[in-house]
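# Coordinate inspection notes
Chain by chain, the residues:
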Amino acid sequence: MACRICGADEVSERITAREMMFGTREAFEYFRCGSCGTLQIADIPEDLGRF
Ligand SMILES: [Zn+2]
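Residues numbered from 1 in each chain as written. Predicted model: local features only at pLDDT ≥ 70, side-chain atom pairs only at ≥ 80, totals over all residues. Heavy atoms only, no water.

### Some words on the overall build of the chain
Secondary structure summary: the chain contains zero helices and three strands in total. Here the chain holds 51 residues, and 20% of them are scored as buried. Summed over its atoms, the accessible surface of the chain is roughly 3800 Å², and 50% of this surface lies on carbon and sulfur atoms. Within the chain, the 9 negative side-chain charges are centred at a point lying 5 Å from the centre of the 6 positive side-chain charges. (Helix = DSSP H or I, 4+ residues; strand = E, 2+ residues; numbered from the N terminus. Buried < 20%, exposed > 50% of the residue type's maximum accessible area, 1.4 Å probe, protein only. Areas by Shrake-Rupley, 256 points an atom, 1.4 Å probe, with all protein chains shown as cover. Lys, Arg positive; Asp, Glu negative; His and termini not counted. Charge placed at Lys NZ, Arg CZ, Asp CG, Glu CD.)

So, in structure tokens, the structure goes:
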């Protein structure tokens, strides 16, 4: 999983968050870049229009 900001292939932290606000309860995986510290979603949902 490479960082989209700095391109580093270094993950310092993985976070799985469940969508609760809209009640779909889908799980999203986030990771934090070990180089620049940016928290970003691992997989961008295909249908962003729902959110
Ligand atoms: Zn980075």
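### A few points about the pattern of salt bridges
As enumerated under the stated definition, the model contains two salt bridges in all. R14 is paired through a salt bridge with E29; the nearest N and O atoms lie 2.4 Å apart. Of this pair, R14 sits in strand β1 (residues 11–18) while E29 sits in strand β2 (residues 27–33), and the two are 15 residues apart along the sequence. (Salt bridge = Lys/Arg side-chain N within 4 Å of Asp/Glu carboxyl O.)

### Looking at the coordination of the zinc ion
By definition of the ideal shapes, a tetrahedral metal site with four donors has angles of 109.5 degrees and an octahedral site with six donors has angles of 90 or 180 degrees. Within the first shell, the zinc ion binds the protein through C3 (SG), C6 (SG), C33 (SG) and C36 (SG), at distances of 2.3 Å. The coordination sphere of the zinc ion comprises four donor atoms, whose angles at the metal cover 107 to 117°; the geometry is tetrahedral. The sequence motif formed by the donor residues of the zinc ion is C-x2-C-x26-C-x2-C. On the basis of relative accessibility, which here comes to 5%, the residue C3 falls in the buried class. (Donors = N, O, S within 2.8 Å, 3.2 Å for Na, K, Ca; no water. Tetrahedral: all angles 85-135°; square planar, octahedral: opposite > 155°, others 65-115°.)

### Focus on unusual backbone geometry
Not every positive phi belongs to a glycine, and R25 is a case in point at roughly 60°. Note on placement: R25 falls in the loop between β1 and β2.

### Structural notes on the sheet that holds strand β3 (residues 39–41)
Strands sit in the order β1-β2-β3 across an open sheet of three strands; the sheet is antiparallel. Of all strands in the sheet, those with a lone pairing partner are β1 and β3, marking the two edges. The average angle at which neighbouring strand axes cross in this sheet is 30°, direction not considered. Relative to β3, β2 runs antiparallel, the two being bridged by three bridges. Residue F31 lies in a different strand from β3, and its bridge partner there is Q40. (Pairing = 2+ DSSP bridges. Axes fitted to C-alpha atoms, helices over the stretch in contact; angles between N-to-C directions.)

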